[in-house]
Amino acid sequence: MVNFTENSKKRTLNQKANLQAIGMMLMSSSNGVVKAEFDHDELIILVKLNCLLDVLILLKNHPICKFEQLMDLCGVDYPYRQKRFDVVYNLLSVTLNQRIRIIVHTDEKEPVPSVHHLWKNATWWERECYDMFGILFSGQPDLRRILTDYGFDGHPLRKDFPVTGYVEVRYDADQNKVIYEPVHLTQEMRDFDFDSPWEGIVTLPGDEKIHEKRQNIKPYSI
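In this report, we go over the structure that sits alongside the text.

What counts and how
- Residues numbered from 1 in each chain as written.
- Predicted model: local features only at pLDDT ≥ 70, side-chain atom pairs only at ≥ 80, totals over all residues.
- Heavy atoms only, no water.
- Helix = DSSP H or I, 4+ residues; strand = E, 2+ residues; numbered from the N terminus.
- Buried < 20%, exposed > 50% of the residue type's maximum accessible area, 1.4 Å probe, protein only.
- Polar contact = N/O pair within 3.5 Å; in protein donor to acceptor, adjacent residues only side chain to side chain.
- Phe/Tyr/Trp six-rings, centres within 6.5 Å; stacked < 30°, edge-to-face > 60°.
- Lys NZ or Arg CZ within 6 Å of the ring centre and 35° of its normal.
- Pairing = 2+ DSSP bridges.
- Salt bridge = Lys/Arg side-chain N within 4 Å of Asp/Glu carboxyl O.

For Asn-97, which is not a glycine, the phi torsion comes out positive at approximately 55 degrees. By the element assignment, Asn-97 lies in the loop between β4 (85-93) and β5 (98-106). Take Asn-97: its relative accessible area is 47%, and that puts it in the partly exposed class. The backbone of Asn-176 sits at a positive phi, close to 60 degrees, despite the residue not being glycine. Position of Asn-176 relative to the elements: it lies in the loop between β8 (167-172) and β9 (177-182).

Structure representation (structure tokens):
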């Protein structure tokens, strides 16, 4: 009988060894690689912005890499950092059954080189990243919003974007069109006190003893 657990462990070890070789190759061959480390058996590479394209081309074409697919491109916001944004590239090699994550730092003004000529689906991801975070991509021929409306103000996934947004949209029957209005909260935000005996206490089936203990009720006995 084939031991699937042992085979799976061997594949995992082989994949990790190959990723370690990729990390060593990048660190030795490119001055643009700042850091290469493993996190939960996943290789993460931090790259300088001006060397991003060279590293990605190498990862796509080198025989020990062969990352043919861009699975995802997304942004992460660290507003208190000088270069507040991370742009993250998650790559997959179907040929070698391995994944890698590439990270580059940027800010609101410094554009990231587009990779749409390496992976065609990058246009959709770069548009989403621009829409949600305001990250610019140089060389992207179709850099426009993709999820929000044309007149949308701001970038919703930035940490400093207000939770309620700036404007709200509704259809006005009198004007016979969709209109934009400043957000007006119908109720102020509330803080719930779950220790209060008047709110936050719900006794679910099976929790009767906990409820009795909370209320300091002695169980009834014959």
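Read on, since the account is not over.
All right, on to the environment of Arg-81 then. As for its position among the elements, Arg-81 is in the loop between β3 (69-77) and β4. As a C-alpha pair, Arg-81 and Asp-107 span 26 residues in sequence and 9.2 Å in three-dimensional space. One polar contact links the side chain of Arg-81 to the main-chain carbonyl oxygen of Phe-85, over a distance of 3.4 Å. A polar contact is formed between the side chain of Arg-81 and the side chain of Asp-86, at a distance of 2.6 Å.

Let's shift gears to the packing of aromatic side chains. On inspection of all chains with the given rule, the structure shows three aromatic pairs. Measuring from ring centre to ring centre gives 6.2 Å for Phe-85 and Phe-133, while their planes differ by 75 degrees; the resulting arrangement is edge-to-face. One end of the pair, Phe-85, is in strand β4; the other, Phe-133, is in helix α3 (residues 122-133), and 48 residues separate them in sequence. You'll find Phe-85 and Phe-133 in the same group, each marked buried. A connected cluster of aromatic rings, assembled from ring pairs, spans Phe-152, Phe-161 and Tyr-166. Positioned above the aromatic ring of Phe-38 is the side chain of Lys-16, whose terminal nitrogen or guanidinium carbon lies 5.3 Å from the ring centre.

Remember that side chains alternate between the two faces of the sheet whenever the strand is regular. Direction of pairing for strand β1 (residues 33-39) relative to strand β2 (residues 42-47): antiparallel, over a ladder of six bridges. By the bridge assignment, Val-33 is partnered in β2 with Val-47. Turn length for the β1-β2 hairpin, with the two strands adjacent in sequence and antiparallel, is two residues, and the turn residue His-40 shows positive phi of about 55 degrees.

Let us look at the pairing of β2. Across the six residues that make up β2, a large majority, five, are buried. In this sheet, β5 lies alongside β2 in parallel orientation, the contact comprising four bridges. Residue pairing for β5: Ile-44 is matched across the bridge by Arg-101.

This part is about the pattern of salt bridges. Tallied over the full model, the rule gives 13 salt bridges. Lys-83 is the partner of Glu-110 in a salt bridge, and the nearest nitrogen-oxygen pair spans 3.4 Å. Here the residue Glu-110 occupies a position in the loop between β5 and β6 (112-113), and Lys-83 occupies one in the loop between β3 and β4, the gap between them amounting to 27 residues. The exposure class of Glu-110 is partly exposed, given its relative accessible area of 30%. Judged by its relative accessible area of 34%, Lys-83 is partly exposed. With a shortest N-O distance of 2.5 Å, Arg-144 and Asp-142 are connected by a salt bridge. Judged by its relative accessible area of 24%, Asp-142 is partly exposed. One network of salt bridges, in which partners are shared, links Asp-77, Arg-84, Glu-108 and Asp-160.

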